[in-house]
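# Breakdown of the fold
The lines below spell out each chain.
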Amino acid sequence: MIDCPEAVRRMWSYLEQALAAEPLAEFEAHLDTCTRCCGELEFSRHLRELVATPEATTAIPPDVRSRIDRILMLDADRDAKVAR
Amino acid sequence: MGDGTRVATRASAAIVPMADSPSGQAVAEDRPFAAVAREHLDRLYGFCVRLAGNAADGEDLLQESLLRAMRAYPELREPDRAKGWLFAIATNVWRDQLRARGRRVQTTSLDGLDENGDNFSLFQTLAIEDPFPYSDELHLDFLRLFRDEDVQAVFGAINPVFRLPLILTVVHGFSCKEAAAVVGVPLGTLLSRLHRGRKQLERGLWEYAVVNGLVTEINEP
C-alpha cells in the first residue's frame with residue numbers, strides 16, 4: 001500500500017497514462033481509500049488543462065513564415081538540381 | 001514514435017534511426033522535406049517559443065532547427081515519425097545554443113536530488129491558506145485567476161530541464177515514452193522530471209498569485 005506522498009508523486013504519470021501495471025494498481029488502490037488524493041487528482045487534471053490550453057499550436061507571424069518559406073525553398077531548389 | 005525509436009542525443013547526430021526499419025534503407029526521400037516541415041511547422045514554432053522562453057529566441061531556434069533537419073533529412077528512415085524527429089532536433093539545437101551562450105543545462109545534479117526535495121503542494125496550501133473563504137470551489141477558483149499570460153510567465157520561470165517534459169507531454173501530446181525519446185533520457189528520468197516540473201509549476205503559481213496580489217496570503221499568528 002502506498003502513502004499519500006507517493007500517490008502524489010505518481011499523479012501526473014497517471015494522468016499521462018505512463019504508469020506500469022503494478023504502480024498503477026497500487027495508485028488506484030490508494031485512491032479507493034483516500035478522498036484527499038482523489039481531490040488532488042481532480043485538481044491536477046484542471047492544473048494540467050490550464051497549462052495545455054494556450055498555444056499548443058501557435059500561428060507563426062507572417063514575417064517569420066516568409067523567412068521559413070525561403071529556407072524550405074532552398075531545399076526544394078536543391079532537390080530539383082539533384083533530379084536534373 | 002515507439003519502441004523502435006532511438007533518438008540521438010547529440011545535436012551533431014540528431015537522427016532517428018529505426019531499429020525495426022524493414023529494409024534498412026532511407027525512405028525519407030519519398031516525400032520532400034519542405035512538405036514534412038510544413039505539416040509540423042505551427043506546432044514546432046510553438047514548441048521552440050516555449051522552450052526558448054520568448055518569441056525572438058524561439059524564432060532563431062526554429063530556423064536553426066529546420067536547417068539542421070534539412071541536412072539530416074535523407075537519413076530519416078520513417079518520415080511518419082517526423083514530428084518526434086523534428087522536436088528532438090529542436091531540443092538538441094536548444095541545448096547547443098544554451099551551451100554557446102555559456103549557460104549550462106543542468107541535468108545530472110538536478111536529477112540526483114531527493115525527489116521529495118520539493119514538498120510544496122498547491123492543493124494543500126490552498127486548503128490551509130483558504131484565500132477564498134466563501135468559495136465552494138476553492139481550488140478551481142484559484143486556477144481561474146490566471147490569464148494565459150500569467151500562466152506563460154509562471155511556466156517560463158520553471159527550470160528548463162523540468163519544463164521540457166511538461167511542454168512535450170502536456171502541451172504537445174507526446175506520450176511519456178515518446179517524450180523520453182525526444183529528450184534522450186530513460187522513461188524513469190522523464191517521469192521524475194515531469195513530477196519536478198509540476199512541483200515547480202505549483203509553487204510558481206502560488207508565489208505569482210501572492211506577489212501579484214491575486215490572493216492575500218493569510219498568516220495566522
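Glancing now at the packing of helix α1 (residues 33–52) of chain B against helix α3 (residues 82–100) of chain B. Residues and elements named next belong to chain B. Here α1 crosses α3 at 35°, and the two axes come no closer than 10 Å. Helix-helix and strand crossings are classified by hand; for α1 and α3 the assignment is right-handed. Contacts between α1 and α3 involve V36, H40, L44, F47, C48, L51 and A52 on the former and, on the latter, A82, K83, L86, F87, A90 and W94. Counted by class, the contact of α1 with α3 contains eleven nonpolar, one polar and one charged residues.

Attention now goes to the confidence of the model for chain A. In regions of low pLDDT, the predicted coordinates are not meant to be interpreted in detail. Per-residue confidence for chain A gives a mean pLDDT of 87; residues scoring 70 or more make up 81%. Within chain A, the element-level pLDDT minimum falls on helix α4 (residues 62–83) of chain A, averaging 78, and the maximum on helix α2 (residues 21–33) of chain A, averaging 97.

Let's shift gears to unusual backbone geometry. Phi at Q17(A) takes a positive value of approximately 55°, unusual for a residue other than glycine. Locating Q17(A) in the fold gives a position in the loop between α1 (4–15) and α2. For Q17(A), a count of 9 C-beta atoms within 10 Å corresponds to the exposed category. Residue D130(B) is not a glycine yet carries a positive backbone phi of 45°. Tracing the sequence through the fold places D130(B) in the loop between α5 (122–129) and α6 (138–144). Judged by local crowding, D130(B) falls into the partly exposed class, with 13 C-beta atoms found within 10 Å.

Reading the values: the criteria
For every chain, the first residue of the written sequence is number 1, and numbering continues from 1 onward in sequence order. All chains are assigned letters beginning at A, and all ligands numbers beginning at 1, according to the order in which they are written. At least 70 in pLDDT is required for a residue's local features to be given in this predicted model, at least 80 for side-chain atom pairs to be given and counted, and no such filter applies to totals for whole chains, interfaces and linings, which use all residues. Here an axis means a line fitted to C-alpha atoms, over the contact stretch when the element is a helix, while the angle between two N-to-C directions is reported on a 0 to 180 degree scale. Helix numbering and strand numbering both begin at the N terminus, where a helix is a DSSP run of H or I of at least 4 residues and a strand a DSSP run of E of at least 2. Crossing chirality is assigned from the near helix's rotation relative to the far helix, an anticlockwise turn below a right angle marking it left-handed and a clockwise turn marking it right-handed. Note on contacts: each residue gets a C-beta atom placed from the backbone, and two residues are in contact if those atoms are within 7 Å. Note that Gly is not counted as nonpolar here; it falls among the polar residues with everything else outside the nonpolar set of Ala, Val, Leu, Ile, Met, Phe, Trp, Tyr, Cys and Pro and the charged set of Asp, Glu, Lys and Arg. Confidence of the predictor in every single residue is expressed as pLDDT, which spans 0 to 100. Exposure in this text rests on C-beta crowding, where 20 or more other C-beta atoms within 10 Å of a residue's own make it buried, 12 or fewer make it exposed, and counts in between make it partly exposed. The C-beta atoms are placed from the backbone.

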